[in-house]
Amino acid sequence: ESQKILLDLDSGQFSDKIYNLRKEGTANLLLFLGSTLGNFSDMHRVLSNLLESMSSEDYLILGMEMTNLVKAEQLIPHYTAEIVQNLLRFIPEKIGLSRDNSEMLISWNTNESRIEGRLKLNKDVKIKVGSESFTLKRDEIILLLRSAKFSEWTFTKLLSDAGFRTELLTTSEDRGYTISMIQP
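As the structure is a prediction and not an experimental result, all values here were calculated from the model. (Residues numbered from 1 in each chain as written. Predicted model: local features only at pLDDT ≥ 70, side-chain atom pairs only at ≥ 80, totals over all residues. Heavy atoms only, no water.)

Scanning the protein chain from N- to C-terminus turns up five helices and nine strands. Ordered by position from the N terminus, the helices and strands of the protein chain form the series α-β-α-β-α-α-β-β-β-β-β-α-β-β. Partitioning the contacts of the protein chain with sequence separation of at least 6, the portion at a separation of at least 24 is 57%. Counting every atom, the protein chain has about 11300 Å² of accessible surface; 50% of that belongs to carbon and sulfur. (Helix = DSSP H or I, 4+ residues; strand = E, 2+ residues; numbered from the N terminus. Contact = heavy atoms within 4.5 Å. Areas by Shrake-Rupley, 256 points an atom, 1.4 Å probe, with all protein chains shown as cover.)

The following block contains the structure:
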């Protein structure tokens, strides 16, 4: 029997939701295939929350896009594509940060193994959000995105550091995607 449960991974513990799945003598098989773990500001906390919400009989199947970290800068054109730029600019433009008063900066952060997207203001911009007004100054930079990238080694290390035991690890033929079955 399968049951779909939506979890807000930023909200914390999920033990109540996962516990309610348990039936006598059964274990849970949780799936997280979306490859979005690298988008969270604190991946370790998300994994720790999952770990603490699981019993020792539960399994988590986690999917992750893999990257050759030596060639990671080659990912930058993906993030400068028009469709991605439109997505990144959607909210800033709603509050007055337009293409006329700002520029998008996409870069590879070698120390953190992640792509980062920032909006740099090229002039002062008065902003109003709700009843609050303030001015963002020229040359201020706003972090809009960070997307951690993994190799097989960095991915399995992240899981191990969070307390998971890897039971199975398999990659696609082109080594671009990994599925890992892990347990607490």
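Text resumes after the structure shown.
A few words now on a nonpolar patch on the surface. The grouping of Leu29, Leu31 and Leu33 at the surface amounts to a nonpolar patch, some 300 Å² of accessible area in total. Summarising the element assignment, Leu33 is placed in the loop between strand 1 (29-32) and helix 2 (43-53). Accessibility expressed as a relative area gives 41% for Leu33, which makes it partly exposed. (Patch = residues over 30% accessible without salt bridge, like charges linked within 9 Å, V, L, I, M, F, W, Y side chains within 5 Å. Salt bridge = Lys/Arg side-chain N within 4 Å of Asp/Glu carboxyl O. Buried < 20%, exposed > 50% of the residue type's maximum accessible area, 1.4 Å probe, protein only.)

The subject of this paragraph is unusual backbone geometry. Positive phi, close to 50°, is recorded for Ser113, a residue that is not glycine. Within the secondary structure, Ser113 is located in the loop between strand 3 (102-109) and strand 4 (114-121). Backbone geometry places Asp139, a non-glycine residue, at a positive phi of 75°. As for its placement among the helices and strands, Asp139 is situated in the loop between strand 6 (132-136) and strand 7 (141-148). Given a relative accessible area of 43%, Asp139 falls into the partly exposed group.

Turning next to the sheet that holds strand 2 (residues 59-65). Spatial ordering of the open sheet is given by 1-2-9-8, a layout of four strands whose pairing is mixed. Looking at strand neighbours, the two that pair on one side only are strand 1 and strand 8 (165-171), the edges of this open sheet. Taking each pair of neighbouring strands and ignoring which way they run, the sheet shows an average axis angle of 20°. Bridge count between strand 8 and strand 9 (residues 177-183): six bridges; the pairing is antiparallel. Opposite Leu168, over in strand 9, you have Met181 as the bridge partner. (Pairing = 2+ DSSP bridges. Axes fitted to C-alpha atoms, helices over the stretch in contact; angles between N-to-C directions.)

Moving on, we get to the sheet that holds strand 3. Spatially, three strands are ordered 3-4-7 in an open sheet, and the strand pairing comes out antiparallel. Each edge of the sheet is formed by a strand with only one pairing partner; in this case those strands are strand 3 and strand 7. Within this sheet the neighbouring strands show an average axis-to-axis angle of 20°, counted without direction. In this sheet, strand 4 lies alongside strand 3 in antiparallel orientation, the contact comprising eight bridges. Paired with Ser107 across the strands is Glu116, a residue of strand 4. Taken strand by strand, helix 4 (residues 82-94) contacts strand 3, strand 4 and strand 7, and its axis lies near 125° from that of strand 3.

Here the focus is helix 5 (residues 152-161). Residues of helix 5 that are buried: Phe155, Leu158 and Leu159. Considered in projection along helix 5, the buried side chains sweep an arc of 95° and stay on one side of the axis. Next to the buried residues of helix 5 lie helix 2, strand 2, strand 8 and strand 9. Once helix 5 finishes, Gly163 follows within two positions and takes phi at roughly 105°, a positive value. (Arc of directions from axis to C-beta.)

On to the nonpolar core, then. Residues Leu37, Leu47, Leu60, Leu62, Phe150 and Phe164 are the most contacted members of the largest nonpolar core, which totals 22 residues. When contributions to this core are tallied by element, the ones reaching two or more residues are strand 1, helix 2, strand 2 and helix 5. Every residue in contact with Phe164, bar those within four places of it in the chain, is listed here: Leu47, Leu50, Leu51, Met54, Leu60, Leu159, Ile182, Gln183 and Pro184. Formed by 16 residues, the second largest nonpolar core is a distinct cluster that contains Ala72, Tyr79, Leu88 and Leu145. (Core = buried A, V, L, I, M, F, W, Y, C linked by side-chain atoms within 4.5 Å.)

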